[in-house]
Amino acid sequence: MKRYDLIIVGAGPSGLSAAIEAAKRGMEVIVFDENEKPGGQLFKQIHKFFGSKEHKAKIRGFKIGEELLKEAAEAGVQVMLNATVVGMYQDKEVVVKIGESVTHYKGDAILVATGASENMVTFDGWTLPGVIGAGAAQTMMNLHGIRPGKKILMLGSGNVGLVVSFQLKQCGCDVVALVDAAPRIGGYGVHAAKVARTGVPFYLSHTIVKAEGEDCVTGVTIAEVDNHFQFISGTEKHFDVDTICLAVGLSPMSQLLKMAGCKMEDNPKKGGQVPCCDEFGETSIPGIFVAGDVSGIEEASSAMIEGRIAGISAAYYLGYIGKEERDDNYKELTAALEGLRQGMFAPKNRGKLIEKTDEGIDVSMNLLQKGYLTDDEIEKYPGVTHRDGVHPVMECSQNIPCNPCQDACPKHCIKIGNNITALPAVDETVACVGCGMCVAACSGQAIFLVNEEYEEGYGTVTIPYEMMPLPEKGDVGVGLSRSGEPICEAEVLEVRTSPAFDHTNLLTMKVPADMVMKARFYQVKKRSGVNE
C-alpha cells in the first residue's frame, strides 16, 4: 500500500492551494480528482474575480487555475486524474477507483476538498432533455465550446445564475428571462446590471410551473408566487425555449467525511450537511482536514485561502513546521479571508435585506427587483460625477469586497480607501487621462468613461465590451439603457484592445448628449430580425 504524507481529495482551487502550501514545506503530497482535467470550477470561470490583489482580483478564473497548476507542479505535487475516491476511513486510508482497478492508499494526513454539487428543483417536465444545471451549461460553453441551446430561460438569481446568464449571452444564446422565486435578486448588483443592460428581463417572485415538450424542451411556463411560494392563479407567462438552466444553489459534497466518521452538522447557512471543524480546517478526527465548499459554500477566492490555511495546518500536524510559523501564516491568511467576508454579502448577512449602504445611501429596490439602477438613483452614488472632458462614472452601488479600480488608475483619480467594501469615489482634484484601465479592471463591468460634451449635441460613452464579433469604427448601432431598452442611435468611434485589458475591449460610442448618462450598452442594428 502506497503511503503519502498528505492525501488530498479534489484538485479544485482549495485542494490545489492546500497541496502547494504543504509541498512547499517538504511534504509528499498526492491529489486525487475524478475529472479528466484538474482545476475544478476555475477553468469554467471566464469572468474576472473580485477582491484585491491578494485575492487575485481582476484575474479570470481559468488564468488562476493555470497559475495554481504551475505552482503545484513546481512544488512537486503529484496530481492523479480520472481517480475517484470511493471510500475513506478513520485510520486515514482511502480507496481509489482508477479505470477498472481499485487501489488503497494511506495518508499520515488527509485533506478533503471535494467541493459542491448543483441542486435541482422538480416541476412538471423537469426530466426532459434540455433541463440542465447552470454549471453544466458553463462546462459546455467554456470547456467544450458547445452552445447549450438557442433560447434559454435561467432559474436562479444568485451569482451563479447571473454570471452564467451573461456568459450565455456571450456565447450567442438568447436568454429570454431570468426567474427567481425569491422577491429579491440574490447575487451582486453589478452582475445583475450587466445582464439587464443586454435586454434580459427579470421576473422575481416567479418560478417554473412546467417545462413543455414531448421528447425535449420546447417551452416553459412560469407564474408569480405569493409569500408562501404558492402559485398565484392568472399570472402564468409562457416562453418558447429549447433549454432551461437551473441555478438554484449548491450542496457540499461531504459524503466521504461522513463515511470516515467525522462529526457532521446540518447548517443551512453553509449549504447543507458539513463537517464540524476548527479554525484551521481540522475535523473531529485528528489529521483529517477540509477546505473549500465541502465545509461551507463560498466564492472560489475564499476556497483558495481556506485551502492554504488547511495545507499549512496539515504541515504543522505532521511536524513539518512549528506552531509559531503556523500561527503567523494563519493570522495573515485569516486577515485576507475576512476581507472577503465583509460587506452586504458577508456570511452573517445571508438572507437579510440590507436597506442602506455603509455610506448611508438607500439601497436600490429597483436593482434588487429588476436588475438595474434607475436614471434618478444613479446620481446619488459617490462614483458618479459630472465634469468637463473624459471622466469615469462608477455605477457600483453595493458594499462588496473589491478594489481593482483604485489600483488600476495610473493617476489615482479613483479612491476606495483601506476598507475594501467601500463604494468607489472620484477624486475631483485629479484629472482623468482616459486610459480606460479602470473600465477594463472592473470585475463587475460597472465603470464607464463619459465625455458629456464631445461635440455640439453629442457626447461619448466608453463601455466594457466582451461580445463577439467586435463592432468596427464607423458602425452605427443602438444604444441600450440600463434596463436593456433601445434609447438612441450609437456610432462606434473606437474599439480598443490591449493585453493590459485582458480581453475586456473598450468600445467608445457617440450618442446624443442627453443620452450620455443613460446609454450603457451597444447593440448591433438588426435588419429583418437578424443581427448584422
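Residues numbered from 1 in each chain as written. Predicted model: local features only at pLDDT ≥ 70, side-chain atom pairs only at ≥ 80, totals over all residues. Heavy atoms only, no water.

1. Side note on the overall build of the chain
Move 1: What the chain contains, in helices and strands, is 11 helices and 30 strands.
Move 2: The principal-axis extents of the C-alpha atoms in the chain amount to approximately 80 × 60 × 40 Å.
Move 3: The proportion of buried residues among the 532 residues of the chain is 55%.
Move 4: Looking at the chain alone, contacts between residues at least 24 apart form 62% of all its contacts between residues at least 6 apart.
Move 5: If the 52 positive side-chain charges of the chain are averaged to one point and the 69 negative ones to another, these points end up 2 Å apart. (Helix = DSSP H or I, 4+ residues; strand = E, 2+ residues; numbered from the N terminus. Buried < 20%, exposed > 50% of the residue type's maximum accessible area, 1.4 Å probe, protein only. Contact = heavy atoms within 4.5 Å. Lys, Arg positive; Asp, Glu negative; His and termini not counted. Charge placed at Lys NZ, Arg CZ, Asp CG, Glu CD.)

2. Brief notes about helix α8 (residues 323-340)
Move 1: The end-to-end C-alpha distance of α8, which contains 18 residues, comes to 26 Å, matching closely the 26 Å that a straight helix rising 1.5 Å per residue would cover.
Move 2: Three or more residues of α8 are buried, namely R326, N329, L333, T334, A336, L337, G339 and L340. (Expected span 1.5 Å × (residues − 1).)

3. Re the packing of helix α1 (residues 13-24) against helix α2 (residues 61-75)
Move 1: For the pair α1 and α2, the least separation of the axes is 9 Å and the interaxial angle reads 30°. With respect to α2, the axis of α1 lies roughly parallel. The element α1 and its partner α2 pack so that their crossing is left-handed. Contacts from P13, L16, S17, I20, A23 and K24 in α1 reach L68, L69, E71, A72 and A75 in α2. (Axes fitted to C-alpha atoms, helices over the stretch in contact; angles between N-to-C directions. Parallel < 35°, antiparallel > 145°, perpendicular 65-115°, else oblique. Left-handed = near helix turned anticlockwise from the far one by under 90°.)

4. A closer look at the state of the cysteines
Move 1: Here the structure, examined in full by the defined rule, presents zero disulfides.
Move 2: With no disulfide of its own, C262 lies closest to C276 among cysteine sulfurs, the gap being 9.5 Å.
Move 3: Counting only cysteine sulfurs, C442 is the nearest neighbor of C405, a cysteine outside any disulfide, at a range of 6.6 Å. (Disulfide = S-S within 2.5 Å.)

5. Overview of the side chain of H206
Move 1: Relative to the helices and strands, H206 is located in strand β12 (residues 206-212).
Move 2: Among the residues examined, H206 registers a relative accessible area of 7% and is labelled buried.
Move 3: Engagement of the side chain of H206 in a polar contact is seen with the side chain of K237, the distance being 2.8 Å.
Move 4: Contacts of H206, omitting those with residues within four sequence positions, involve V179, D180, A181, I222, A223, E224, V225 and K237. (Polar contact = N/O pair within 3.5 Å; in protein donor to acceptor, adjacent residues only side chain to side chain.)

6. Comments concerning the sheet that holds β12
Move 1: Spatial ordering of the open sheet is given by β12-β13-β14, a layout of three strands whose pairing is antiparallel. The sheet terminates laterally at β12 and β14 (237-239), the two strands that pair on one side only. Each neighbouring strand pair of the sheet contributes to a mean axis angle of 25°, computed without reference to strand direction.
Move 2: With six bridges joining them, β12 and strand β13 (residues 219-224) adopt antiparallel strand pairing. Its bridge partner lying in β13, E212 is registered against G219. (Pairing = 2+ DSSP bridges.)

7. Topic: the confidence of the model for the chain
Move 1: For the chain, the average pLDDT comes to 95, and 99% of its residues sit at 70 or higher.
Move 2: Below pLDDT 50 for its whole length, residues 528-532 participates in seven contacts with residues either more than four positions away or in separate chains. (pLDDT = per-residue confidence, 0-100.)

8. Some words on the environment of V112
Move 1: By the element assignment, V112 lies in strand β6 (residues 101-112).
Move 2: Placed 219 residues apart in sequence, V112 and K331 show a C-alpha to C-alpha distance of 22 Å.
Move 3: Beyond its immediate sequence surroundings of up to four residues, V112 is in contact with V9, M88, L257, F289, V290, A291 and V294.

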